[in-house]
Amino acid sequence: MSDNLGQQLNSYIEGAKAKTGRLFVVSGPSGAGKTLLCKQVMEKIPELGYSISYTTRPRRKKEIHGKDYFFVDVDKFKQMMDDDLFLEWAQVYGNYYGTSKEFVKQELAKGTDILLEIDTQGAKQIKQQSLASILIFVVPPSMEILEQRLQKRGTDSKEQIQGRLKSAFDEISSCNIYDYLVINKELDRAVTELNSIILAERCRNVLHI
Ligand code: 5GP
């Protein structure tokens, strides 16, 4: 190989390594299994960062502040909105949810890829921003299975389950803005698919020299 070609190849590789991180946005109806799916993928790809959202929703039994969410009251959340601290935020099932702008921007600038598990309203806001984002939509194999999963989860009342099912229809109708669709029929397969999407996106050639 000539010296010239060798130098060109080295600078190409350095350029590829120096890229800012990518934002992997995972959405889907409540009960589609996004949280477990994301957790398992995070275990497989350790160098993938995860953004912990802020929420005004009451903490569920097994949830830990600072691990599952940052649980804050409505006043604090609204103050953060006014201070422009969110990359995106939305009201979902009557509660506020938002992504920390500072955390995501810092991690992306370091070159770290970040996984965001947010609803479709938030995904639309991310898509409008000039960030390298890849949108992935997770769906259950059927609405019947979604209802069964929500009932089995045991965290919501009958009325809340009906509300979540109604929202599922609205969310599914937004799925055309997403780059990828993962049907979560069987968890292992869905994990492999999400994993493959992330790894393939990391190999995408964005330099085009
Ligand atoms: P849950 O209360 O069941 O944990 O989440 C309810 C919904 O809020 C899910 O669809 C979840 O993806 C979404 N969500 C969680 N965090 C955020 C966030 O920071 N922003 C937005 N827009 N949605 C979020």
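The shown structure was predicted, so the numbers you read here are calculated from the model rather than taken from an experiment. Throughout, a residue's number is its position along its own chain's written sequence, starting from 1. Owing to the predicted nature of the model, reporting of local features is limited to residues with pLDDT of at least 70; listing and counting of side-chain atom pairs is limited to 80 or more, with chain, interface and lining totals taken over all residues. Derived side-chain values reflect all non-hydrogen atoms in the structure, with water molecules and hydrogen atoms excluded from consideration.

Asker: So what's going on with the site of the ligand? Residues and values would help.
Answerer: Surveying the vicinity of the ligand reveals 17 residues, the closest of which are Ser53, Arg57, Tyr69, Tyr97 and Asp119. In this structure, an oxygen atom belonging to the ligand sits 2.5 Å away from a side-chain N or O atom of Arg57. In the complex, the protein chains occlude 95% of the 520 Å² of accessible area that the ligand would expose alone. Mapped onto the shell around the ligand, the elements with two or more residues apiece are β5 (86-92) and β6 (95-100). For the shell around the ligand, the class distribution of residues is six nonpolar, four polar and seven charged. The near set for a molecule or strand comprises every residue that places at least one heavy atom within 4 Å of it. Here a polar contact is recorded for every N or O atom pair within 3.5 Å, except that within protein the pair must consist of a potential hydrogen donor and a potential acceptor, and residues adjacent in sequence are included only if both atoms are side-chain atoms. For accessible areas, the Shrake-Rupley method is used with a probe of radius 1.4 Å. Any residue's cover is judged against the shown protein chains and nothing else. Secondary structure follows DSSP: runs of H or I at least 4 residues long count as helices, runs of E at least 2 residues long count as strands, and numbering of each begins at the N terminus. Ten residue types, Ala, Val, Leu, Ile, Met, Phe, Trp, Tyr, Cys and Pro, are classed as nonpolar, four, Asp, Glu, Lys and Arg, as charged, and the remainder, Gly among them, as polar.

Asker: Lay out the environment of Asn184 with the relevant residues and their values.
Answerer: With respect to the element layout, Asn184 can be found in the loop between β9 (180-183) and α8 (187-202). Each C-alpha atom of the pair Asn184 and Thr155 lies 20 Å from the other, and the pair is 29 residues apart in sequence. Residue contacts are counted whenever heavy atoms from the two residues lie within 4.5 Å of one another. In this view, Asn184 contacts Ala32, Gly33, Val138, Val139, Pro140, Pro141, Arg149 and Ala190; residues no more than four positions away in its chain are not counted. From its side chain, Asn184 meets the backbone oxygen of Ala32 in a polar contact 2.8 Å long.

Asker: Account for the pattern of salt bridges, with residues named and values stated.
Answerer: Just to be clear on terms, a salt bridge is a Lys or Arg side-chain nitrogen sitting within 4 Å of an Asp or Glu carboxyl oxygen. Counting across every chain of the model gives 12 salt bridges. Arg57 is paired through a salt bridge with Glu63; the nearest N and O atoms lie 2.8 Å apart. Residue Arg57 is classed as buried on the basis of its relative accessible area, which comes to 7%. Assessed through its relative accessible area of 11%, Glu63 is described here as buried. Across the salt bridge formed by Asp156 and Arg164, the nearest N and O atoms sit 3.2 Å from each other. By the burial criterion, Asp156 is buried, and Arg164 matches it. Look at the salt bridges and you will find they share partners, linking Arg22, Glu47, Asp113 and Arg202 into a network. Any residue under 20% of the maximum accessible area for its type is buried, any over 50% is exposed, and the rest in between are partly exposed; the area is computed with a 1.4 Å probe on protein chains only.

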